[in-house]
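# Descriptive analysis of the structure
Listed here are the chains, written in short residue letters.
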Amino acid sequence: MTAGNGAFDVVVIGAGPAGMAAAIAASQAGAAVLVLDEQAAPGGQVHRAIESRILKGRDDIDGLALVRAFRASSAERWPGAAVWQIEPMPEASDRGFTVSIIRAGAAQRLAARQVIVATGANERPVPIVGWTLPGVMTVGAAQILLKTGGNVPAGRTVIAGQGPLVLLYASQMLAAGVRPAAILDTTAPGALRSALRHLPGALADLGQIARGLGFMAAIRKAGVPVMRGVRDVKAEGRGRLEEVHHLSAGRWRTMPADLLLLHEGVTPHTHPAMSAGAAHGWDAAQLCWRPLLDGDGETTVRGLRVAGDGGGIAGWRLAAMDGERVGLAAARALGLSRRHGPSEADLQRRSARHRPLRRFLDAYNRPRTAILCPADDVVVCRCENRTAGDIRAAVEAGCLGPNQVKVMTRCGMGPCQGRECALTLSALVAEARRMTPDAVGHLTIRPPLKPLTLGELASLPASVQAAQALP
Amino acid sequence: MPEPLFRKLPDLAPGARIAVTVDGEAVSVGAGDSAAAAALLAGVPATRTHPAGGEPRAPYCMMGVCFECLMVIDGAPSRQACLVTVRDGMRIERQDGRPRIPSPRSPS
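Structure report, in brief. Owing to the predicted nature of the structure, the values given are computational and were not obtained by experimental measurement. (Residues numbered from 1 in each chain as written. Chains lettered and ligands numbered in written order. Predicted model: local features only at pLDDT ≥ 70, side-chain atom pairs only at ≥ 80, totals over all residues. Heavy atoms only, no water.)

## Focus on the overall build of chain B
Helix and strand counts for chain B stand at one helix and nine strands. Element order for chain B, N to C, with α for helix and β for strand: β-β-β-α-β-β-β-β-β-β. Taken over C-alpha atoms, the radius of gyration comes to 14 Å for chain B, in line with the 13 Å a tight globule of 108 residues would show. With respect to the principal axes defined by its C-alpha atoms, chain B has extents near 45 × 40 × 25 Å. Here chain B, with 108 residues, has 51% of them falling under the buried criterion. If you take every contact in chain B between residues at least 6 apart in sequence, the share linking residues at least 24 apart comes to 43%. (Helix = DSSP H or I, 4+ residues; strand = E, 2+ residues; numbered from the N terminus. Rg over C-alpha atoms; globule rule 2.2 N^0.38 Å. Buried < 20%, exposed > 50% of the residue type's maximum accessible area, 1.4 Å probe, protein only. Contact = heavy atoms within 4.5 Å.)

Below you can see the structure in the form of structure tokens.
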């Protein structure tokens, strides 16, 4: 359902739980909604390929129900669409936005009165010695291979990190009949103690906690060696991973490995909202940037909203509740409301009950300082091969913030545009200058958010007006 | 080629098989696999070599974030192989160093 050629009431970016729920709610309220997603099928990373794989457990069942409701809604869906620019309309910012995309090799521009960014989370960068070697990947990457194609590690596999995804993936490997060689648990000693004060509230999510304990029991039962209190994980090898080194219980250990899977939690993917000018702040509990949002998910840019994990990590169920609420708020801003279903206030109350579990996990699985501010010899910017030492030297030479370090060292200037290094870069500059990341700021994120060729750019119609004039 | 890092469990991979080539070698993959997954299943030691350092690199995130899986797909350079779903007959090749920009089509 379009409000006109290339013009929509609400454009939602991302078809994960938050994006799908936002689109369903806004279209139920009567808005003309378009959902843009880079993937071929809806679901986001958490429910990736949910329509074509064998369902296992409550999360899969509920995820599939959400995807089906999304497909049944009147929201228009454009899979395989990458957004490369979101800009407030030049005449007056309350007129809405121009959203530039690339789809099927051609660029085009769309008009949106409201934009909801629901781009979810990325895995936190895990800059360690050797993380650029072939054979070193993230736990999330391995899980995507499992979800989309039933692909499992073939050789000796070491999992190093912490957080719910580590336990989930290890138990998924075991269920598929594949045994990790070892799990290196990087949870800091004493983390549980500092997290315990959040436990009473977290007991509202007893089911989730029981699930995590169940994964741990399955891993123990399978006899997978689990090292605790691990630090200083290093990957070594010539041309590909051969050995994993780590320090645990005061001893250096070395194990041969073909595949090392890293995971230190997830952080909001902030590039799209940053590029549109939305203000962001440093979240000291989750150690990441998040957009400054009002109660309706609106950023400091009027009409630009962020829903779900992109606004702060809370997990997929809360992301879906948040998406529904922000979808309704976007519709309300356009004078639309829906007759049935929970109100925004109901959704707010419901999601508040689940916050304590997240606060528990934030404290329990807090990454160590060395993950945020690695040693001098560690590559920080994978695209340009720049190390933490290069960045510290640039600060020593007088660079005051991430943008200056980028100009001087090329850190953050490669094809990933800082997606894998910006967090570390800000943290290192802040550490060297004895300031907070908030005070030194984030790399300026500029369009195009995705690299596009001159040919693709040339395929753009001259203006949105020109696009609208097409039959 | 070295041993692949990943293998396919047929029970967990319903659906059609797709025939692609990775660096010229025929590989059979699943309909839901990405070109980057095909490279991992084929056992290539790297999906690209770094344009500055020349060292081998391979997929890291598999979700479009890290850009380590830039490959040449059906002749087009610098494609994010983890975001490209396989098609029958797809040619997937390692990208060595800086991308080679294909010569422009002659004007018609």
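## Comments concerning the pairing of strand E16 (residues 259–264) of chain A
Residues and elements named next belong to chain A. Within E16, six of the six residues are buried, which leaves the element mostly enclosed by the surrounding structure. Residues of E16 alternate between two faces, with Leu-259, Leu-261 and His-263 on one and Leu-260, Leu-262 and Glu-264 on the opposite face, all of them buried. Where strand E8 (residues 136–138) meets E16, three bridges bridge the pair, whose relative direction is parallel. Each residue of the ladder has a partner; that of Met-137, found in E16, is Leu-261. (Pairing = 2+ DSSP bridges.)

## Some points on the packing of aromatic side chains
The final tally for this structure, using the stated rule, is four aromatic pairs over all chains. Their ring planes at 90° and their centres at 6.3 Å tell us that Phe8(A) and Trp78(A) sit as a pair that is edge-to-face. Linking Phe8(A) in strand E1 (residues 7–13) with Trp78(A) in strand E3 (residues 76–78), this pair joins segments that are 70 residues apart in sequence. Residue class for Phe8(A) comes out buried when judged on its relative accessible area of 3%. Assessed through its relative accessible area of 14%, Trp78(A) is described here as buried. Consider the rings of Trp131(A) and Tyr60(B), whose centres lie 5.4 Å apart with planes at 85°: the pair is edge-to-face. Of this pair, Trp131(A) sits in the loop between strand E7 (121–123) and E8 while Tyr60(B) is found in the loop between strand E5 (56–57) and strand E6 (70–73), placing the two residues in two different chains. It is Arg382(A) that lies over the ring of Trp131(A); its NZ or CZ is 4.7 Å from the centre. (Phe/Tyr/Trp six-rings, centres within 6.5 Å; stacked < 30°, edge-to-face > 60°. Lys NZ or Arg CZ within 6 Å of the ring centre and 35° of its normal.)

## Here's the deal with the sheet that holds strand E15 (residues 251–256) of chain A
Strand-to-strand pairing in sheets goes through backbone hydrogen bonds, with the strands running parallel or antiparallel. Residues and elements named next belong to chain A. Taken in spatial order, the three strands of this open sheet run E13-E14-E15, and their pairing is antiparallel. Of all the strands in the sheet, the pair left with one neighbour each is strand E13 (231–236) and E15. Taken over all neighbouring pairs, the strand axes of this sheet differ in orientation by 15° on average, direction set aside. The pairing of E13 with strand E14 (residues 243–248) spans four bridges and is classified as antiparallel. Opposite Glu-236, over in E14, you have Glu-243 as the bridge partner. (Axes fitted to C-alpha atoms, helices over the stretch in contact; angles between N-to-C directions.)

## Some thoughts on the sheet that holds strand E4 (residues 48–49) of chain B
Across the sheet, three strands lie side by side as E5-E4-E9 (chain B); this open sheet has mixed pairing. The open sheet has two edge strands, E5 and strand E9 (95–96) of chain B, and neither has a second partner.

## A few points about the nonpolar core
Of all hydrophobic cores here, the largest spans 73 residues; its most connected members are Leu260(A), Val20(B) and Met62(B). Beyond its immediate stretch of four places on either side in the chain, Met62(B) contacts Arg48(A), Met137(A), Ala141(A), Ile144(A), Leu145(A), Ser34(B), Ala36(B), Ala37(B), Leu40(B) and Cys82(B). In this structure, Ala388(A), Leu425(A), Val429(A) and Val440(A) belong to the second largest nonpolar core, which totals 32 residues. (Core = buried A, V, L, I, M, F, W, Y, C linked by side-chain atoms within 4.5 Å.)

## Digging into the interface of chain B and chain A
Residue-level contacts link 39 residues of chain B with 48 residues of chain A. Taken together, both faces of the contact between chain B and chain A bury some 3,500 Å²; the carbon and sulfur share is 59%. At the surface where chain B touches chain A, the tally comes to one salt bridge. With a closest N to O distance of 2.8 Å, Arg382(A) and Glu68(B) form a salt bridge. If you look at where chain B meets chain A, you find 15 residue pairs in polar contact (both at pLDDT 80 or more). A class-by-class count of the residues in the side of chain B that touches chain A yields 25 nonpolar, six polar and eight charged. (Buried area = accessible area lost by both parts, 1.4 Å probe. Salt bridge = Lys/Arg side-chain N within 4 Å of Asp/Glu carboxyl O. Polar contact = N/O pair within 3.5 Å; in protein donor to acceptor, adjacent residues only side chain to side chain. Nonpolar A, V, L, I, M, F, W, Y, C, P; charged D, E, K, R; others polar.)

Geometric values such as these leave the question of function open.
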